[in-house]
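Summary of structural features
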Amino acid sequence: MDGSGTDAVFAGSIPEFYDDYLVPLIFEPYAENLAARLVRLDPARALEIAAGTGVVTRAAARALPEHVELVATDLNQAMLDHARAVGAARPVRWQQADALRLPFADAGFDVVFCQFGAMFFPDKVRAFGEARRVLRPGGTLVFNVWDRIEQNEFADIVTTALAGLYPADPPRFLARTPHGYSDLDAIAEDLARAGFTTAPRCETVAAHSRAASARAVAVAYCQGTPLRTEIEQRPGADLAEATAVCAAAITQRFGPGPVDGTIQAHVVTVPGV
Ligand SMILES: C[S@@+](CC[C@H](N)C(=O)[O-])C[C@H]1O[C@@H](n2cnc3c(N)ncnc32)[C@H](O)[C@@H]1O
């Protein structure tokens, strides 16, 4: 089954599980990394796309000087509602927006930033083109994408475990989407097709993914991402059973108790034109 129709739908109970389990597991280290890059870019107005439940927004709100105006957007209102409820260290303008049709005037932002969102955009060239359009001349686009699933241990184990549980129709969301856009040459080509004329600067950043238990990791991936929907679409599927099978596979590899896996991503910095 191709689950691509639901891959970008973060709704229902997903935002809560996402923020409680997945954000501390894999997003927080990269949020701090991205916020530090924003500080060095010294923007006056910064736009975030695919902000999700706001982990980078919160890090940026803490790190950037008080005068910087922050606008945070996402396709899914449910993710933004969660982000707004959690709040940030300063006022943020939260606004629903599709990265493919940004509701902003040309050349209004010094920086556009995006954490682990690009993989979800059905038309990357169009989304990058929109980012370029809203950047002022000389502004910067900075975003990150996950490296291949083989470089991200927990996602890889979960995907393999689910293939064992549903061999006829394995849920491939993690490999297909979050880990499906890691080829730096393809990314550079998409950016060029979107009108960026300077080659991107790419840096590969490894980090640790830690949790108190294998079960917390299994809940994060199986219940806090659209993988949840893909599992539930399997005939006779049992989300609790799928979660338990993934937890057992992680325990088998890492042992009982706290777990520590490796994760890896690419951070891409693109000067505007
Ligand atoms: C893996 S989450 C990343 C969220 C957040 N940046 C973080 O670091 O936790 C991917 C996000 O992309 C959003 N998304 C998917 N398609 C989108 C689109 N076309 N435009 C804007 N956001 C989109 C989803 O709603 C989701 O919040």
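The chain appears in an unreviewed UniProt entry as Class I SAM-dependent methyltransferase from Streptacidiphilus alkalitolerans.

**As for the sheet that holds strand 7 (residues 259-271)**
The sheet built from 7 strands is open, its strands ordered 3-2-1-4-5-7-6 with mixed pairing. Unpaired on one side and paired on the other, strand 3 (93-96) and strand 6 (201-211) mark the two borders of the sheet. Taken pair by pair, the neighbouring strands of this sheet meet at an average axis angle of 20°, ignoring direction. Of the pairings in the sheet, the one linking strand 6 to strand 7 comprises 11 bridges and is antiparallel in character. For E203, the partnering residue across the bridge sits in strand 7 and is V267.

**Overview of empty space enclosed by the protein**
Enumeration according to the criterion identifies 1 cavity of 30 Å³ or more in this entry. For the largest cavity, the calculated volume is near 50 Å³. Among the elements of the structure, helix 4 (124-134) and strand 5 (135-146) are those that each provide at least two residues to the lining of the largest cavity. Here the element with the most residues in the lining of the largest cavity is helix 4; it accounts for 3 residues.

**Considering the nonpolar core**
Ranked by size, the top nonpolar core spans 97 residues in total, and within it L141, F143 and Y221 carry the most contacts. Looking at which element gives the most residues to this core, the answer is helix 1 (residues 14-41), with 12 residues. Not counting residues within four places of it along the chain, the set of residues in contact with L141 comprises V112, F128, A131, L135, L191, F196, V268, T269 and V270.

**Focus on the pairing of strand 5**
Within strand 5, 9 of the 12 residues are buried, leaving the element largely enclosed by the surrounding structure. Inspection of the sheet shows strand 4 (residues 109-115) paired to strand 5 by 6 bridges, in the parallel sense. In the sheet register, C114 faces strand 5, and the bridge partner there is F143. Taking the sense of rotation as the criterion, the β-α-β connection linking strand 4, helix 4 and strand 5 turns out right-handed. Bridge count for strand 5 against strand 7 is 7 bridges, and the pairing is antiparallel. Its bridge partner being in strand 7, W146 is matched across the sheet by A265.

**Points about the pattern of salt bridges**
Within the structure shown, the criterion is met by 17 salt bridges. Between D7 and R176 there is a salt bridge; the shortest N-O distance is 2.9 Å. Of the two residues, D7 sits in the segment before helix 1 while R176 sits in helix 6 (residues 173-176), which places them 169 residues apart along the sequence. What makes D7 buried here is its relative accessible area of 5%. Assessed through its relative accessible area of 27%, R176 is described here as partly exposed.

**A closer look at the packing of helix 5 (residues 153-165) against helix 8 (residues 214-223)**
Here helix 5 crosses helix 8 at 70°, and the two axes come no closer than 10 Å. Between helix 5 and helix 8, the angle falls in the class roughly perpendicular. Together, F154, A155 and V158 of helix 5 and V217, Y221 and C222 of helix 8 make up the contact between the two elements. Residues of the contact of helix 5 with helix 8, tallied by class, amount to 6 nonpolar, no polar and no charged.

**Overview of the layout of surface pockets**
Approximately 530 Å³ is the volume found for the largest pocket. The wall of the largest pocket is formed by 36 residues, among which F10, A50, F116, G117 and F120 lie closest to the centre. Elements represented by at least two residues in the lining of the largest pocket include exactly helix 1, helix 2 (55-63) and helix 6. For the lining of the largest pocket, the leading source of residues is helix 1, giving 4 residues. Residue composition of the lining of the largest pocket, grouped by class: 25 nonpolar, 8 polar and 3 charged.

**Remarks on the environment of A192**
As for its position among the elements, A192 is in helix 7 (residues 184-193). In this structure A192 comes out as partly exposed when scored by relative accessible area, which is 48%.

**Quick word on unusual backbone geometry**
At D42, a position not held by glycine, the phi torsion is positive, near 50°. Considering the arrangement of structural elements, one finds D42 in the loop between helix 1 and strand 1 (45-48). For F116, which is not glycine, the phi dihedral falls at a positive 50°. The residue F116 is located in the loop between strand 4 and helix 4 in this model. Judged by its relative accessible area of 5%, F116 is buried.

Rules and cut-offs
- Residues numbered from 1 in each chain as written.
- Predicted model: local features only at pLDDT ≥ 70, side-chain atom pairs only at ≥ 80, totals over all residues.
- Heavy atoms only, no water.
- Pairing = 2+ DSSP bridges.
- Helix = DSSP H or I, 4+ residues; strand = E, 2+ residues; numbered from the N terminus.
- Axes fitted to C-alpha atoms, helices over the stretch in contact; angles between N-to-C directions.
- 1 Å grid on protein atoms, 1.4 Å probe; cavity = no way out; pocket = protein on both sides within 12 Å on 5 of 7 lines; lining within 4 Å.
- Points joined across faces, edges and corners; volume = space filled by probe spheres on them.
- Core = buried A, V, L, I, M, F, W, Y, C linked by side-chain atoms within 4.5 Å.
- Buried < 20%, exposed > 50% of the residue type's maximum accessible area, 1.4 Å probe, protein only.
- Contact = heavy atoms within 4.5 Å.
- Right-handed = clockwise from strand over helix to strand, strands pointing away.
- Salt bridge = Lys/Arg side-chain N within 4 Å of Asp/Glu carboxyl O.
- Parallel < 35°, antiparallel > 145°, perpendicular 65-115°, else oblique.
- Nonpolar A, V, L, I, M, F, W, Y, C, P; charged D, E, K, R; others polar.

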